[in-house]
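# Structural overview for review
One-letter residues, chain by chain:
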Amino acid sequence: MSNKVAIITGSGRGIGRAIAERLVKEDYHVAIAEIDQVTAKAVSDGINQVRKGFAKYYVLDVASRQSVFDLVDHVVNEFGRLDVFINNAGVAFIDTMVASDPDKIERLFDVNIKGTFWGIQAAATQFKKQGDGGRIINAASLAGVEGSALQGAYSASKFAIRGLGQSAAKELASDGITVNAYDPGIVLTPLRDYIDERTAQIKGVTPEVQRQKVVNEIALGRAALPEDVADVVTFLVSSKAKYITGQSILIDGGMRFH
Ligand SMILES: NC(=O)c1ccc[n+]([C@@H]2O[C@H](COP(=O)([O-])OP(=O)(O)OC[C@H]3O[C@@H](n4cnc5c(N)ncnc54)[C@H](O)[C@@H]3O)[C@@H](O)[C@H]2O)c1
Ligand SMILES: CC(=O)[C@H](C)O
């Protein structure tokens, strides 16, 4: 198969969907790897209506290490190889540090940190077998560069993801495998809607007021769209980025949390 092959976790909606649909335009075959079967199938079917055979969906929980390794095996059996693994799937919950529920913290760490770890392990294992390098890209966040109030567990997970990527980049460079991350600020997705609604509830303001507050902190004056992140990821997987590794690319429109 001449076309390259990418796995994008959490690509049933939001940023992951935008990345998958954009990579298909770059002639990638894509694996829509997602816990939600309905959205995964819908995104895959939509891609195949435009480019038949370019997408296949897989239902999994990235917190399960075996499921992530099985995903890579299924994709390689289907498409013949793997070139890019994008650890996009992630969850968040909003609460004060004191009120944060231990079970929610555990689940968030299992999905965001361990899920990313399993993706790095499974992708690197396959890339080493193939012997011709590869690209691993992880979803970090502005909240992983500067901790956000009411997002303690989430921020911690995104700091961890940046550290995982830096360590993996150093280890895997000799195999021609690059590892980078994208660090968006405010991107208009269902996750962001939840964050602003829940934050507004805690602060006793309307979601609209909360959304406007965060947008007002963005130098470019607008929230990002998922396509803005897909543009950066498309660059990071391209040959133009072959000398970039261990980096975390801020996509925050010049936002700075105070
Ligand atoms: N939206 C933002 O403002 C923003 C900013 C910075 C970073 N991010 C990060 O970018 C990534 C995508 O964010 P988004 O806004 O598109 O989120 P989203 O919640 O809209 O989409 C995430 C997708 O991941 C899937 N998913 C969740 N848990 C999963 C699991 N255990 N296994 C498999 N799939 C799972 C969900 O079903 C969903 O389709 C996340 O890692 C998020 O932390 C988002
Ligand atoms: C959800 C997220 O990471 C940013 C802070 O919006």
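Right, let's walk through the structure included here. Residue positions within a chain follow its written sequence, with the count starting from 1. All chains are assigned letters beginning with A, and all ligands numbers beginning with 1, in the order in which they are written. Confidence filtering applies because this is a predicted model: local features only for residues at pLDDT of at least 70, side-chain atom pairs given and counted only at 80 or more, and all residues used for totals across whole chains, interfaces and linings. Side-chain calculation: all heavy atoms of the structure are included, whereas hydrogens and water are not.

Working definition: helices are DSSP H or I runs of at least four residues, strands are E runs of at least two. Numbering for both runs from the N terminus. Helix and strand content of the chain: eight helices and seven strands. Put simply, the radius of gyration uses C-alpha atoms, and a globule should come to 2.2 Å times the residue count raised to 0.38. Taking 18 Å as the expected radius of gyration for a compact globule of 258 residues, we find that the chain reaches 18 Å, a close match to that expectation. Taken over the C-alpha atoms alone, the chain extends approximately 55 × 40 × 35 Å along its principal axes. By residue count, 50% of the 258 residues in the chain fall in the buried class. Any two residues whose heavy atoms approach within 4.5 Å at even a single point are treated as in contact. Within the chain, contacts between residues at least 6 apart in sequence are counted, and of these 69% link residues at least 24 apart. Total accessible area on the chain stands at roughly 11900 Å², and carbon and sulfur atoms take up 53% of it. The average position of the 29 basic charges and that of the 30 acidic charges among the side chains of the chain differ by 4 Å. A 1.4 Å probe rolled over the protein chains alone gives each residue an accessible area, and that area as a share of the maximum for its type sets the label: buried under 20%, exposed over 50%, partly exposed in between. Areas reported here follow the Shrake-Rupley algorithm with a probe of radius 1.4 Å; residue values treat only the protein chains shown as occluding. Only four residue types enter the tally: Lys and Arg on the positive side, Asp and Glu on the negative side, with His and both chain ends excluded. Where a charge lies is defined by one atom per residue type, namely NZ (Lys), CZ (Arg), CG (Asp) and CD (Glu).

What follows deals with unusual backbone geometry. The bulk of non-glycine residues show a negative phi, and the bulk of peptide bonds are trans. The backbone of D27 shows a phi angle near 70 degrees, a positive value even though the residue is not glycine. Topologically, D27 is positioned in the loop between α1 (14–25) and β2 (29–34). We classify D27 as partly exposed; its relative accessible area is 34%. Phi angles above zero are rare outside glycine, and L150 is one such case at about 70 degrees. Secondary-structure assignment places L150 in the loop between β5 (134–139) and α5 (152–172). Judged by its relative accessible area of 17%, L150 is buried.

Once that is clear, we can look at the site of ligand 1. Throughout, the term near means that a residue has one or more heavy atoms lying within 4 Å of the molecule or strand in question. If you check the shell around ligand 1, you find 28 residues, and the closest are R13, E34, N88, Y154 and T189. One nitrogen or oxygen atom from the side chain of T189 is found 2.5 Å from an oxygen atom belonging to ligand 1. Across the complex, the protein chains shield 95% of the 830 Å² of accessible surface that ligand 1 would expose by itself. Think of a 1 Å grid over the protein atoms and nothing else: a 1.4 Å probe that fits but is trapped marks a cavity, an open set flanked by protein within 12 Å on at least five of seven lines marks a pocket, and residues with an atom within 4 Å of a point count as lining. Think of it this way: a molecule belongs to a cavity or pocket when more than half its atoms come within 2 Å of the grid points there. With respect to the detected pockets, ligand 1 is housed in the largest pocket. Counting only elements with at least two residues in the shell around ligand 1, the list comes to α1, α4 (102–130), α5 and α6 (190–203). Looking at the shell around ligand 1 element by element, the count peaks at three residues for α6. The classification used treats Ala, Val, Leu, Ile, Met, Phe, Trp, Tyr, Cys and Pro as nonpolar, Asp, Glu, Lys and Arg as charged, and all other residues, Gly among them, as polar. Here the residues of the shell around ligand 1 sort into 15 nonpolar, seven polar and six charged. For the purposes of these results, a polar contact is taken to be a pair of N or O atoms within 3.5 Å, where, inside protein, one atom must be able to donate a hydrogen and its partner to accept one; residues adjacent in sequence count only when each atom of the pair is a side-chain atom.

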